[in-house]
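# Structure at a glance
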Amino acid sequence: ITYDGKARMSDVRTAKGNVAHAVIENLFAPRGNSRYSVPDEIETRIANEFEDIYAMAVEGKGAILQLAENKLVGKLLHNQLRHCLDVLLEIIRVNKLKVTGCEHRVKVEEVIGVIDMILEDKDGHLVAFDFKWTTWGKGYRAKLEENRSIQLEFYRWMLGKERKNRVERVAYFTMPDARLYSL
């Protein structure tokens, strides 16, 4: 439902990103009273729950992918996203990170943001990931290299203020190419 109250489906590209975000949140975010999720736990969730969570995400966030003309796109998304989850999990494991939250809403002064994933490194420093479903991954890398990533710098500032803790790194994780670009 849009701001004017009219129901409409998002376009295919937007639907892919929405489905990816929903699946990642459901598989990677801490559950219950747990403060964080660790790689072994996430790996088990992916193995046991991916199919059901993907189906629910497509139904709730990607209805356009269920249309007959988009069935092939939906199958491709399924396979690409599954690969992206494996790569993201490996990045988290290799860097000894723990996921402390997904789709975290933060407000500092008059600025509001939703950080796709918040993690902690082994020293307790914060790390923020922003997910992008795009064919423009190199463009996000260039933004970081040229210090033009306003979004990530806002996240760094906002999260640091909210948690009163240093945000060690910020990064874009681009999909479907499954690449991490970080500062």
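A brief look at the structure comes next. (Residues numbered from 1 in each chain as written. Predicted model: local features only at pLDDT ≥ 70, side-chain atom pairs only at ≥ 80, totals over all residues. Heavy atoms only, no water.)

### A few points about the packing of aromatic side chains
Quick reminder of the rule: Whether two aromatic rings pair depends on their centres lying within 6.5 Å, for rings of Phe, Tyr and Trp, where Trp uses its six-membered ring; planes under 30 degrees apart make the pair stacked, over 60 edge-to-face, and the rest tilted. A simple rule labels every residue: compare its accessible area, found with a 1.4 Å probe on the protein chains alone, to the largest value its type can have, and call it buried under 20%, exposed over 50%, or partly exposed in between. Secondary structure elements follow DSSP: runs of H or I of four or more residues count as helices, runs of E of two or more count as strands, with numbering from the N terminus. Here, a charge over a ring is recorded when the distance from Lys NZ or Arg CZ to the ring centre is within 6 Å and its angle to the ring normal is within 35 degrees.
The full count for this structure, using the stated rule, is 5 aromatic pairs. Ring centres 5.1 Å apart and planes at 75° place the aromatic pair Trp136 and Tyr140 in the edge-to-face group. Under the relative-accessibility criterion, Tyr140 is labelled buried at 14%. Where Phe154 meets Trp157, the ring centres are 6.3 Å apart and the plane angle is 65°; that geometry is what we call edge-to-face. Residue Phe154 and its partner Trp157 are both found in helix H5 (residues 150-163); the two are separated by 3 residues, about one turn of the helix. What makes Phe154 partly exposed here is its relative accessible area of 38%. Its end group placed over the ring of Phe50, Arg82 keeps NZ or CZ at 5.8 Å from the ring centre. Seen from the ring of Tyr36, Lys98 lies directly overhead, with NZ or CZ sitting 4.2 Å from the centre.

### Let's talk about helix H3 (residues 71-94)
Applicable threshold: A helix is expected to span 1.5 Å for every residue after the first.
Across its 24 residues, H3 extends 35 Å between first and last C-alpha, which sits within 8% of the 34 Å expected from 1.5 Å per residue. Among the residues of H3, those classed as buried are Gly74, Leu77, His78, Leu81, Cys84, Leu85, Leu88, Leu89, Ile91 and Ile92. Of the residues trailing H3, Lys96 is marked for its positive phi of about 55°.

### With respect to unusual backbone geometry
At the junction of Met175 and Pro176, the peptide bond is cis and its omega measures out at 10° in the coordinates. Relative to the elements of secondary structure, Pro176 occurs in the loop between strand E4 (167-175) and strand E5 (179-182). Residue Glu109 is not a glycine yet carries a positive backbone phi of 55°. Take Glu109: it is sitting in the loop between strand E1 (98-108) and strand E2 (111-120). On the accessibility criterion, Glu109 (60% relative accessible area) is exposed.

### Description of the sheet that holds E5
Just so we agree on the cut-off: What makes two strands pair is DSSP finding at least two bridges between them. In this description, a line fitted to the C-alpha atoms serves as the axis of each element, helices being fitted only across the stretch in contact, and the angle between N-to-C directions of two axes falls anywhere from 0 to 180 degrees.
Strand order in the open sheet made by the 5 strands is E1-E2-E3-E4-E5, with mixed pairing throughout. Two strands lie at the open edges of the sheet, namely E1 and E5, each paired on one side alone. Between one strand axis and the next, the sheet turns by 35° as a mean value, whatever way the strands run. In this structure, E4 lies alongside E5, joined through 4 bridges in antiparallel fashion. Paired with Tyr172 across the strands is Tyr181, a residue of E5.

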